[in-house]
Amino acid sequence: MFWNGTLLFSARLMEGKYPNTGALLTNFQGEYSVNLAAEALESAISSVSVMGAEGFRVALSFGEHELHVSAETAQGRAAIPVKALVLNAPDRTFYYNYKILLKYLRLVSGNVTLDFDANGLLAIRTGGTQYIQSPLRAPNQAAGQSQNAA
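Here's what I pulled together on the structure shown here.

Conventions and cut-offs
- Residues numbered from 1 in each chain as written.
- Predicted model: local features only at pLDDT ≥ 70, side-chain atom pairs only at ≥ 80, totals over all residues.
- Heavy atoms only, no water.
- Pairing = 2+ DSSP bridges.
- Helix = DSSP H or I, 4+ residues; strand = E, 2+ residues; numbered from the N terminus.
- Axes fitted to C-alpha atoms, helices over the stretch in contact; angles between N-to-C directions.
- Contact = heavy atoms within 4.5 Å.
- Buried < 20%, exposed > 50% of the residue type's maximum accessible area, 1.4 Å probe, protein only.
- Arc of directions from axis to C-beta.
- Salt bridge = Lys/Arg side-chain N within 4 Å of Asp/Glu carboxyl O.

## Things to note about the sheet that holds strand E10 (residues 122-126)
Strand order in the open sheet made by the five strands is E7-E3-E9-E10-E11, with antiparallel pairing throughout. Since the sheet does not close on itself, it has two edges, and those belong to strand E7 (85-88) and strand E11 (129-133), each with one partner. Strand after strand, the sheet turns through a mean of 20° between neighbouring axes, direction not considered. In terms of strand pairing, strand E9 (residues 111-116) meets E10 through four bridges, oriented antiparallel. In the strand pairing of E10, Thr113 is matched with Arg125. Packing against the sheet, helix H2 (residues 38-48) makes contact with strand E3 (32-37) and E9, and its axis sits at approximately 90° to E3. Together, E10 and E11 form the strand contacts of helix H3 (residues 98-105), whose direction differs from that of E11 by roughly 180°.

## Concerning the pairing of strand E6 (residues 76-83)
Direction of pairing for strand E5 (residues 66-73) relative to E6: antiparallel, over a ladder of eight bridges. Looking at the pairing, His68 lines up with Pro81 of E6.

## Quick notes on H2
Those residues of H2 that sit buried are Ala38, Leu41, Glu42, Ala44, Ile45 and Val48. What you see down the axis of H2 is that its buried residues fit within an arc of 165°, all on one side.

## What to know about the sheet that holds E6
Strand pairing within a sheet occurs via backbone hydrogen bonds; the two strands may be parallel or antiparallel. What the four strands build is an open sheet, ordered E6-E5-E4-E8; its pairing is antiparallel. Only two strands of the sheet have a single partner each, and these edge strands are E6 and strand E8 (94-97). On average, each strand axis in the sheet is tilted by 25° relative to the strand beside it, whichever way the strands run. Relative to E5, strand E4 (residues 57-62) runs antiparallel, the two being bridged by four bridges. Residue pairing across strands places Ala59 opposite Ser70, the latter belonging to E5. The sheet strands contacting H2 are E4, E5 and E6, and the helix crosses E6 at an angle near 175°.

## Notes on the pattern of salt bridges
Tallying each qualifying case throughout the model produces three salt bridges. Two residues, Glu42 and Arg106, come together in a salt bridge whose shortest N-O distance is 3.1 Å. With Glu42 in helix H2 and Arg106 in the loop between H3 and E9, this pair connects stretches of sequence that are 64 residues apart. Among the residues examined, Arg106 registers a relative accessible area of 52% and is labelled exposed. With a closest N to O distance of 2.9 Å, Arg125 and Asp115 form a salt bridge. Here Arg125 is found in strand E10, whereas its partner Asp115 is found in strand E9, with ten residues between them in sequence. Of the residues examined, Arg125 reaches a relative accessible area of 25% and is grouped as partly exposed. For Asp115, a relative accessible area of 11% translates into the label buried.

## Thoughts on the environment of Glu66
Mapped onto the secondary structure, Glu66 falls in strand E5. The spatial distance from the C-alpha of Glu66 to the C-alpha of Lys83 is 4.6 Å, given a sequence separation of 17 residues. In this view, Glu66 contacts Ser61, Pro81, Val82, Ala84 and Val86; residues no more than four positions away in its chain are not counted.

Shown next as structure tokens:
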């Protein structure tokens, strides 16, 4: 039990094996990097997220000096470019849960580095802090799998 003067809380220590999350963070090797303003990316994601519905995903693709943020639903498509320093770019698009991405971006400010591995695992880095987000399948792949499951 712990007491901080106004709040009493407790924690139970459990035995067992747990995933080694520290190894994930230290062994992450980004193949693609983008430097940009966190606020600009947050604003772009917020703008395209008005298209969202349940299971909505935001697409990040790479231009010469821009990161393209887009979303597409049956009702239409929204896309916003964000000025960025793209150090090296893949020739494919990565998809992410926009709610989680926004949550991480609201925790940081100023310039951030987005590092992507070959499969789209994303590390948002600023100073000594980093947030990891796993990618989602492309919308047509996800739709095809849900139809096969039915």
